[in-house]
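Residues per chain are reported as follows:
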Amino acid sequence: MEPVFRALEITAKTLVKVQGLKVTFLDLDKLPAAGGVVLAINHTAYVDFLPAALGVHRRGRRVRFMIKSEMQQIAIMRFLIKHTRTVPVDRSAGAQAYELAVQALRDGEVVGVYPEATISRSFEIKTFKSGVARMAMDAEVPIVPVIVWGAQRIATKGGPRNLGRSRTPVIVQFGDPIAPGGGDAIEARRLADHLRSTMQSMLADVQERYGEHPAGAYWVPARLGGGAPTMAEANALDAADSAARRDKRQNG
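None of the values given here were measured: they were computed from a predicted structure.

Participant: Just checking my understanding: could you explain the side chain of His43 for this structure?
Facilitator: Note that His43 resides in the loop between strand 2 (37-41) and helix 2 (49-58). There is a polar contact of 3.4 Å between the side chain of His43 and the backbone oxygen of Ala45. At a separation of 3.2 Å, a polar atom in the side chain of His43 contacts the side chain of Asp48. For His43, the contacting residues outside a window of four places in its chain are Asp48, Tyr114, Glu116, Ala117, Thr118, Ile119 and Ser120.

Here's what the structure looks like:
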């Protein structure tokens, strides 16, 4: 029954109602009804995990997210991680988290991952690491790509918070399961590249369906005439952030 997870689901639904969010779920039936699944989600916002999880819940399943281990330093998060079987990831010792995620997949769980690792400031699909592909290959489970679009209007990196009753439309699109195949690191890289190409195509389709993309708006990609940084500009901002964090660690 997982009472803590149930309480979180009720809370999430309440938040959606309070904010008046208009969440549209598409092709939920593409998520297998049983068995291990790697759920690969694009990352544009601090809150895009929420509509993705609600989509999985509508399918009668629950998703176990992989999150930064630093979140365990917060007492309430430590409690939630423990009682929802979330997988904490310590980037300095990622092998343990990887094995936990693979075991969860073998046990028939849906494991949610962000192949881009960090929020895309450009709102385009960033380069993928191959870990998501290796995970699916090792566990011998499919990857289901998911596009969440509109959540960046609520809270994103460098953008304003829009946490009131915003009535923001959000689309959650599930894609066809991708078989993992087998093989070595080269095959994992190919699978990751195929997943990224698939999600780029899905993103374009979802954006066309979404319709509303005002010129110059901070949450709209430059490709669509918006005010978001280009991919190159976003990469430069990410590199600057990484350098600042390194300096802080070295001098702190």
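Participant: Even after reading the chapter, I still don't get the nonpolar core, so can you show me in this structure?
Facilitator: When a protein is soluble and globular, its nonpolar side chains tend to lie buried together. Grouped together as the largest cluster of nonpolar side chains are 40 residues, with contacts concentrated most on Val38, Met135, Ile143 and Leu195. Every element with two or more residues in this core is listed here: strand 2, helix 4 (94-106), strand 5 (110-113), helix 5 (131-139), strand 6 (143-149) and helix 6 (185-210). Tallying contributions element by element places helix 6 first for this core, with nine residues. If near-sequence neighbours (up to four positions away) are discounted, Ile143 is found in contact with Val38, Ala40, Val132, Ala133, Ala136, Asp176, Pro177, Ile178, Leu191 and Leu195. Counting residues in each nonpolar core, the second largest holds 26 residues, with Leu54, Val144, Val148 and Ala151 among its members.

Cut-offs applied
Residues numbered from 1 in each chain as written. Predicted model: local features only at pLDDT ≥ 70, side-chain atom pairs only at ≥ 80, totals over all residues. Heavy atoms only, no water. Helix = DSSP H or I, 4+ residues; strand = E, 2+ residues; numbered from the N terminus. Polar contact = N/O pair within 3.5 Å; in protein donor to acceptor, adjacent residues only side chain to side chain. Contact = heavy atoms within 4.5 Å. Core = buried A, V, L, I, M, F, W, Y, C linked by side-chain atoms within 4.5 Å. Buried < 20%, exposed > 50% of the residue type's maximum accessible area, 1.4 Å probe, protein only.

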